[in-house]
Each structure stands twice: as structure tokens, then as C-alpha cells.
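Residues per chain are reported as follows:
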Amino acid sequence: MQFDFPLRKIIHVDMDAFYASVEQHYNPELKGKPIAVGGGSKRGVVSAASYEARKFGVRSAMSGYQAQKNCPQLIFVRPRFDRYKEISLQIRDIFYEYTDLVEPLSLDEAYLDVTENKKGNPSATLIAKEIRQKILDQTGLTASAGISINKFIAKVASDYNKPNGQKTVNPEEVIQFLEELDIRKFYGVGKVTADKMYRLGIFTGKDLKQKSEEFLDEHFGKSGSYYFNVVRGVHHSPVKPHRTPKSVGAERTFSENLSSEIFMLEKLENIANELERRLQKSKIAGKTITLKIKYSDFTLQTRSKTLPYYIASKDLILETAKELLYQADLENSVRLLGISLANLNTEKKKEDSKDEAVLVQLKFEF
């Protein structure tokens, strides 16, 4: 198939069980054993799980109690985020050997645009293989990669041959790849959306492709156009080397559940103090305040308010957070509170995106 838009060579690199793999690498006694980073206390939450632990259903964001229940032999390890960040920067340096167009998504994954690269290598597949080998040689850790014409497909492909593998989706393979893809594998389709799609008879990319844009807009709102386009291989978002944060926040998990708003006010003040400190450090202000409430049963609720002016001071943040707290009755006792500020003064108006990507035909070498 011939695409009527510029094609890129995009690699998505995703470290394999990064936090857990770091701990296993630097403590040989943990190798081959089910481990969870974090989640060790009564109220702890798992930050990451090794592949050995995942076989028992242990996953990130799970309570330590449930993780231990799923896997009685599970070993909890205290997280060392400074160490993870140090290794992440080491890995990022490897990326920069090939291109300056690197968009980190987190400590353990990033997009790379290698359409034009520092090595002059026309094969994105070979570049991904080299990068993965260098990561292994320099850190002892494995990475997986997805390679294709845009970020969406590269992201999906990186999950195909995990751990320690890679998958290339060439331009002429894109449409068939997307049509055969289980809808649950589409990046941006979570469990709730997948269940809704199932009820509408959408199980694969081919099913999704048969729905009109109007139908998808009606049932999925703003996301409708996104689903309509990506299933056709259309995703124009470029790799952005300097990602501007869309929000700044702070949150706290409590040692005991809180059951009254009165007990939460002091906690909110501490959170607002921390948020003010982060805003001042980054010289950022925003208009939209969101209060995050996680209940003792782990259900999550958010309440937001947009002001007509930018704020960054603790007093104004706290005043609005209190208003949001009293907006409705609590549904249960509370284990976590958070405040975030969005609609930031750093956001720039989106310009008409005329990407400076190279237009490549189907002979595009991957």
C-alpha cells in the first residue's frame, strides 16, 4: 500500500521489567526469583514486578497484600529510584549516539526517530538491534523494541516479542498488522474501552476499521477520530525531544485510612506546600486544579476546577482543593490524596504540523 503522507523510521525501546531487572542484576541472589519492587508494607503498592512474579498475576499498582496473596513466595525489594534514574540516563546516552530525536516517556522507555541518523545506517531494524546489544553490554539489562513508520505502531510492536526481542512492521505490512491486531493491544485502549468495544462488536483492528468516524465519535467522543486514524496507519505525532509537562502534581498515601474531610485538611496543606515548591522550582503556573482521591477499596475519583487565571501559590491551590473536597460526599475511607495543576502557562498553541520527515516510498528499508 502507498501512503499519502511522510513515513518515518521510528523505534520504541522498552526496558524489560526495568526496576525489578535492575534489582536482580545487582543482587544475584534474586535472579530467577519472583520479586516485587515496593509494596512491602501493610499498605504498600507494587511499583514493578519481575517476570517470575508476573506469572502469578503480580503487577504494578497492585497492593502488596494482594501481591503476596497471589504469590506467597514473593520477595519485596525497597525501590532505589536514584539508581534507576542513573541507569536510565546511561541508556539514554546510547540513544543519543544514533539520533538527537529522542522522546523519553519514562525512565524505562523512549521513542527514537532514526529516519536520518548519526550512523548513516538506512536500517532501523539493525539500529534497534545494535542499541539493544549496547544496553546489554553496558548495563547487563535487556530491552525490547518495536520498529515501524510511526510512534503508535512502534509502541504496539515493542510488546510483541518481550522480553529481550524486537519486531519490525514494514510499511507494506502495516495495514494487515493493524487489521489482525486484538483491540486490547491498541495503545490507548484500556480495559474499560476494550469492554465497550466488545459490546459494540469490535474485537480486532479489522472490526474497528469497518466503523465510520461518525460512529466512533458518537461512542468514544474525542478519542473516536484517534481510533479511526490509527487503525489506518495514520498517526502524525512526531518524536518530540523536549516534552513539555502537561501537569504538575503531588500526592500522599496515608499509613491509616482517613474517614473524615476534617482529618484530610492538614494532609492537603502539606500536599499543596509540596506542589508549590515544585511549581516554583520549574517556574510554572496553571489554571486547572484536580483533586485526586483514592479510596480504601482502590477505586479512584478526580474532581477538577478551571480558574480564569494562572496560579502557583499554595494558598490559592489549597483553597480550591478544599472546595473540591467538599464538593461531594466521600464514597469510602481514603488512602491517598493528590493535587495536580494543569492547563499550564508552558503550553504552546499547536501549530499546523508540517513535519520535516522524509517522504519515503515502499522501498523504505527497515
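Now for a description of the structure that goes with this document. Note that the coordinates shown come from a computational prediction; the quantities given were computed from them, not determined experimentally.

Attention now goes to the sheet that holds strand E12 (residues 334-344). Spatially, the 4 strands line up as an open sheet ordered E9-E12-E10-E11, and their pairing is antiparallel. Sheet topology places strand E9 (247-258) and strand E11 (300-311) at the edges, where each strand pairs with a single neighbour. Strand-to-strand twist across the sheet, computed as the mean angle between neighbouring axes with direction ignored, equals 15 degrees. Examined bridge by bridge, strand E10 (residues 286-295) and E12 share 9 bridges and lie antiparallel to one another. Of the residues in E12, the one forming a bridge with Gly286 is Leu344. Packed onto the sheet, helix H12 (residues 261-282) meets E9, E10 and E12 and runs at close to 150 degrees relative to E9. Against the sheet, helix H13 (residues 314-325) touches E10, E11 and E12, its axis set at about 140 degrees to E11.

Attention shifts here to a nonpolar patch on the surface. A surface patch of nonpolar side chains, amounting to about 360 Å² of accessible area, comprises Ile262, Phe263 and Tyr326. Along the polypeptide, Tyr326 turns up in the loop between H13 and E12. On the accessibility criterion, Tyr326 (46% relative accessible area) is partly exposed.

Two elements in contact, H12 and H13, have axes separated by 9 Å at closest approach and are oriented at 145 degrees. In the crossing of H12 with H13, the sense of the turn from one axis to the other is right-handed. Counted together, Glu261, Met264, Leu265, Leu268, Glu269, Ala272, Asn273, Leu275, Glu276 and Leu279 of H12 and Lys314, Ile317, Leu318, Ala321, Lys322 and Leu325 of H13 form the full contact between these two elements. Classifying every residue of the contact of H12 with H13 gives 10 nonpolar, 1 polar and 5 charged.

With the rule as written, the count across this model stands at 11 aromatic pairs. Measuring from centroid to centroid gives 5.7 Å for Phe81 and Tyr84, while their planes differ by 90 degrees, and the two rings are edge-to-face. Of this pair, Phe81 and Tyr84 both sit in helix H4 (residues 81-96), 3 residues apart, which is roughly one turn of the helix. Each residue in the set Phe152, Phe186, Phe220, Tyr226 and Tyr227 is aromatic and connected to the rest through ring pairs, giving one cluster.

About the thresholds
- Residues numbered from 1 in each chain as written.
- Predicted model: local features only at pLDDT ≥ 70, side-chain atom pairs only at ≥ 80, totals over all residues.
- Heavy atoms only, no water.
- Pairing = 2+ DSSP bridges.
- Helix = DSSP H or I, 4+ residues; strand = E, 2+ residues; numbered from the N terminus.
- Axes fitted to C-alpha atoms, helices over the stretch in contact; angles between N-to-C directions.
- Contact = heavy atoms within 4.5 Å.
- Patch = residues over 30% accessible without salt bridge, like charges linked within 9 Å, V, L, I, M, F, W, Y side chains within 5 Å.
- Areas by Shrake-Rupley, 256 points an atom, 1.4 Å probe, with all protein chains shown as cover.
- Salt bridge = Lys/Arg side-chain N within 4 Å of Asp/Glu carboxyl O.
- Buried < 20%, exposed > 50% of the residue type's maximum accessible area, 1.4 Å probe, protein only.
- Left-handed = near helix turned anticlockwise from the far one by under 90°.
- Nonpolar A, V, L, I, M, F, W, Y, C, P; charged D, E, K, R; others polar.
- Phe/Tyr/Trp six-rings, centres within 6.5 Å; stacked < 30°, edge-to-face > 60°.

Purely geometric numbers; function is a separate question.
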